[in-house]
Amino acid sequence: MPAIEIQELQKSFEGCPVLRGVSLTVNHGDIYGFLGPNGSGKTTTLRLLLGIIPREGGNISVLGLDPATSGPALRRWVNALPESHGLYGWMSAGRYLRFFGELYGMDVSGGDHRARLRRVGLDPDDARPIRTFSRGMKQRLGLARAMINDPEVLFLDEPTNGLDPRGRREIHDLLLELNRMRNLTILISTHILDDVERLCNRIAILDHGLVKYEGTAHPAAAERRRYRFHLGNGGKIPAEWNFPGISLLGHQDNWITCLIEGRTPTQAINTLIAGGLPIIEAAAVNDDLEALYLKYTSRGES
C-alpha cells in the first residue's frame, strides 16, 4: 500500500475549479516533490490531504486512512510544516516544543525536547525569545515541532521559501538525514527547483489543477543519474572502487562525481556511507529539470 494515494481529486472555491481531477502516488520512504506555479493548487491539495478542508470529489488515502473521516487517528502518524507556521515569538524554543508536546499528551518533564532541538541543530539552552531567531532557525524549530509526534509522513509547504542559499542547504541536509535515519516519507510542495534537485526521488508537476507529469525528475535517463558528492574525509576514496550500480566519473579535491544506475540517490548515498565514504553533501547534476518544468507548466513560472 502506498503511503499516499490520490485519485481524481476535485475542489472548487466559490464556483471556481482549483483541482480538476488530481491523481498521484507517493511510496513509503519517498521524498516526493509536488511542483507547480503559484496558484496551481499545491497548498489546496495539502489541506485536503490533512483533512483541513472537505473535497468535492475523488479519493484520498494517507497510510490507508481517509483524512476526511479518520482525521484524529491519522494525526498520530502524520504532521505538517505550513509555509506560515505561526511560531509564538515570546516563547523560547524549549518552551515552544514542551507546549506542543503537552498538546500531543507527551511527557515533557524529561529531556526529550532538548534532544529534539539538538537533532535540528538548535541549542536547547538558548533562552532567547523566538522572535529574535533568524529565518533559518525558525524553519529548524518548525521542523522540530512538525516531528514532535515522530510521524511516518511529513507534509512541507515551501520549506525553504525566503531562505538564503546557506539556509536552504541546511534545511536540505536536515531533511535528507531525517529521511535516511527514519525512512520518513516527505511530500514537499514547492516551486523552487533547487529544492527538488537536491532532495526528491520522484515528482509531480501540477498546472491549472491537473497533474501534467508524475515520475522521476530525470525522465531522459530514469535509471542513470549523475550526482556530485562532498566527502568529509578530505576526499580520500578506496584504491579499488567496488560499489555496485555506482560508477566513479570524476574526483577533484573533496568532491566525487558518480553515475548512479538502477537505484535511487538515497540508496546510493547509503551504499557509499556503508562502504566508508563520509558524505556530507550531495548535488544532482541535472540539466533537464528546468526544461521538464517549463514544458508542463503553461505559464512557465519558477
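Here is a short report on the structure shown in this document. (Residues numbered from 1 in each chain as written. Predicted model: local features only at pLDDT ≥ 70, side-chain atom pairs only at ≥ 80, totals over all residues. Heavy atoms only, no water.)

Describing the sheet that holds strand 6 (residues 153-157)
Strand order in the open sheet made by the six strands is 5-6-7-3-8-9, with mixed pairing throughout. Of all strands in the sheet, those bounded by a partner on one side alone are strand 5 (78-81) and strand 9 (210-215). Sheet twist, expressed as the average angle between the axes of neighbouring strands with direction ignored, equals 15 degrees. Where helix 5 (residues 135-146) meets the sheet, it contacts strand 5 and strand 6, and its direction lies at approximately 165 degrees from that of strand 5. (Pairing = 2+ DSSP bridges. Helix = DSSP H or I, 4+ residues; strand = E, 2+ residues; numbered from the N terminus. Axes fitted to C-alpha atoms, helices over the stretch in contact; angles between N-to-C directions. Contact = heavy atoms within 4.5 Å.)

Remarks on the sheet that holds strand 1 (residues 4-13)
Spatial ordering of the open sheet is given by 2-1-4, a layout of three strands whose pairing is antiparallel. Bordering the open sheet on either side are strand 2 (16-26) and strand 4 (57-62), each of which pairs with just one other strand. Sheet twist, expressed as the mean angle between neighbouring strand axes with direction ignored, is 25 degrees. Sheet topology note: the strand 1/strand 2 ladder contains eight bridges and is antiparallel. Among the inter-strand pairings, Ile 4 is bridged to a residue of strand 2, identified as Val 26. Lying on the sheet, helix 1 (residues 42-49) is in contact with strand 1, strand 2 and strand 4; it crosses strand 1 at an angle near 115 degrees.

Quick notes on the pattern of salt bridges
Summed over the entire model, instances satisfying the criterion amount to 13 salt bridges. For the salt bridge of Asp 150 with Arg 116, the shortest nitrogen-to-oxygen distance reads 3.2 Å. You can see Asp 150 sitting in the loop between helix 5 and strand 6 and its partner Arg 116 sitting in helix 4 (residues 112-119), a full 34 residues away along the chain. Judged by relative accessible area, which is 6%, Arg 116 ranks as buried. Here the salt bridges share partners, and the residues they tie into one network are Asp 112, Arg 116, Asp 150 and Arg 182. (Salt bridge = Lys/Arg side-chain N within 4 Å of Asp/Glu carboxyl O. Buried < 20%, exposed > 50% of the residue type's maximum accessible area, 1.4 Å probe, protein only.)

Any link to function would need more than the numbers given here.
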